[in-house]
Amino acid sequence: MAADYYDTLGVSRDASTDEIRKAYRRMARKYHPDRNPDDPDAEDKFKEVREAHDVLKDEQKRAAYDRFGHAGVNGGMGGGGAGPQGGFGDINDIFGDIFGDIFGGGRRRQSRSRRGQDLRYTLELDLEEAVAGVEKEVSLPTLGECQTCSGTGSKDGQLNICSTCGGQGQVRMQQGFFSVQQTCPACRGSGQTVKDPCGDCSGTGQVRETKTLQIRIPAGVDTGDRIRLGGEGGAGAQGGGAGDLYVDVQVRPHPLFQRDGDDLFCEVPITITTAALGGQMKVPTLDGSVMLKIPPETQSGKVFRLRGKGVQSVRSRSSGDLLCRVDVETPVNLTKDQKELLRELQDSLGDQPDQSPQSSGWTDKVKSFFDRMGF
Ligand SMILES: [Zn+2]
Ligand SMILES: [Zn+2]
């Protein structure tokens with residue numbers, strides 16, 4: 001867990017920019033590695049201080065941090081969790097782009113229009129919700145189109161050819177003997193500049209906002225499934241289309257059932273008498289309970305398959321099975337009388353091999369092993 005940035009700098013949450021700068025200078029001097037050659041922790045502390053200052057000195061990053069904590073500035077949101085990643089970058093990249101330099105990247109662009117960011121959201125569901133399907137409301141931080149300038153970034157809609165690069169988007173810099181080509185810092189590679197930037201979005205065409213969406217989850221989804229909502233990602237800018245929202249499903253562990261594909265597993269404890277004499281057990285399924293017939297002489301670990309009582313597949317109409325594994329339980333807290341009854345049973349069973357086939361078979365194997373080894 002990362003330390004709170006305000007705590008790191010030792011300032012209050014409503015500290016002014018000036019107070020933050022002063023606190024940073026004080027702390028940076030204190031922990032500078034050159035001043036603390038014998039303290040190995042000082043360098044880490046120094047990095048923490050610098051990171052806190054980097055965020056809090058920037059009005060936009062600070063607002064994101066105040067609202068979403070470390071997730072707002074470092075990436076990572078929602079319920080966490082793994083799940084496959086593909087088609088677009090790591091979640092850290094995505095949120096780095098949103099809250100960091102949205103113009104980043106040195107690629108030359110031919111036009112100012114930018115497609116919106118693809119967003120990823122990890123949605124945690126209960127097993128019941130994943131199996132039956134559910135509608136969920138999610139809120140996520142995103143960049144939306146600036147209403148004031150309709151996303152153009154320009155107060156009056158006028159664009160100029162960038163004077164720094166002459167519309168090339170790239171500039172050449174002389175460094176010693178080398179000539180280095182760089183993305184134009186003035187237009188950030190677009191070749192165009194806004195004549196009169198919109199005040200509400202500082203000319204970017206995008207504003208930070210929280211987007212609330214109703215997401216319909218189809219029945220049968222499982223951890224690792226990804227739902228794509230086209231056009232529900234971040235807004236584009238200057239005519240670019242919106243990005244997509246990818247919802248990654250993460251199913252929470254269930255107290256009774258484990259899922260494997262469309263099959264469900266559950267453990268069913270039974271008494272030694274039910275195991276020996278047979279009987280019926282009420283077992284849970286996702287749509288109510290059913291009676292499971294336990295035949296006489298059932299051994300611990302036996303698996304009974306209830307066909308069609310698993311999960312209906314999200315891809316086909318077929319349903320999986322419910323597999324019930326019985327677990328024979330040794331009774332505890334026995335009374336004197338009960339112990340006496342068991343001793344009588346023990347005496348009655350004696351060493352008759354046909355009444356305890358597993359134990360007898362095992363004893364035979366141990367005996368032949370010892371004979372072979374000469375014990
Ligand atoms: Zn604007
Ligand atoms: Zn330029």
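Above: the structure in question.
Definitions and limits used
Residues numbered from 1 in each chain as written. Chains lettered and ligands numbered in written order. Predicted model: local features only at pLDDT ≥ 70, side-chain atom pairs only at ≥ 80, totals over all residues. Heavy atoms only, no water. Phe/Tyr/Trp six-rings, centres within 6.5 Å; stacked < 30°, edge-to-face > 60°. Helix = DSSP H or I, 4+ residues; strand = E, 2+ residues; numbered from the N terminus. Buried < 20%, exposed > 50% of the residue type's maximum accessible area, 1.4 Å probe, protein only. Lys NZ or Arg CZ within 6 Å of the ring centre and 35° of its normal. Pairing = 2+ DSSP bridges. Axes fitted to C-alpha atoms, helices over the stretch in contact; angles between N-to-C directions. Donors = N, O, S within 2.8 Å, 3.2 Å for Na, K, Ca; no water. Tetrahedral: all angles 85-135°; square planar, octahedral: opposite > 155°, others 65-115°.

*Asks:* Could you give an account of the packing of aromatic side chains, with specific residues and numbers?
*Replies:* Scanning all chains against the criterion turns up 5 aromatic pairs. Pairing Tyr5 with Tyr65 gives two aromatic rings, centres 4.5 Å apart and planes at 35°, and the pair type is tilted. One end of the pair, Tyr5, is in helix α1 (residues 5-9); the other, Tyr65, is in helix α4 (residues 59-68), and 60 residues separate them in sequence. Just as Tyr5 is buried, Tyr65 falls in that class too. The interplanar angle of 75° and the centroid separation of 5.4 Å between the aromatic rings of Phe370 and Phe375 together place this pair among those described as edge-to-face. In this structure Phe370 comes out as partly exposed when scored by relative accessible area, which is 38%. The exposure class of Phe375 is exposed, given its relative accessible area of 67%. Connected via pairs of aromatic rings, a cluster forms that spans Tyr5, Tyr6 and Tyr65. Here Lys302 stacks its cationic end above the ring of Phe304, 5.7 Å away from the centre of that ring.

*Asks:* Talk me through the sheet that holds strand β1 (residues 119-125); I want residue IDs and the actual numbers.
*Replies:* Strand order in the open sheet formed by 3 strands is β1-β9-β8, with mixed pairing between adjacent strands. Two strands bound the open sheet, and with one partner strand each, they are β1 and β8 (226-229). Within this sheet the neighbouring strands show an average axis-to-axis angle of 25°, counted without direction. Judged from the 4 bridges that link them, β8 and strand β9 (residues 245-251) form a sheet pairing that is antiparallel. Its bridge partner lying in β9, Arg228 is registered against Tyr246.

*Asks:* Please provide a residue-by-residue account of the coordination of the zinc ion (ligand 1), values included.
*Replies:* Donor atoms from the polypeptide that coordinate the zinc ion (ligand 1) comprise Cys146 (SG), Cys149 (SG), Cys198 (SG) and Cys201 (SG), at 2.3 Å from the metal. Note that the zinc ion (ligand 1) binds 4 donor atoms; their angles at the metal cover 105 to 114°, and the shape is tetrahedral. Counting the intervening residues between successive donors of the zinc ion (ligand 1) yields the motif C-x2-C-x48-C-x2-C. You can see Cys149 sitting in the loop between β2 (134-145) and β3 (159-161) and its partner Cys198 sitting in the loop between β6 (192-194) and β7 (206-217), a full 49 residues away along the chain. Grouping residues by exposure puts Cys149 and Cys198 together as buried.

Everything listed here is a matter of coordinates, which is why it stays silent on function.
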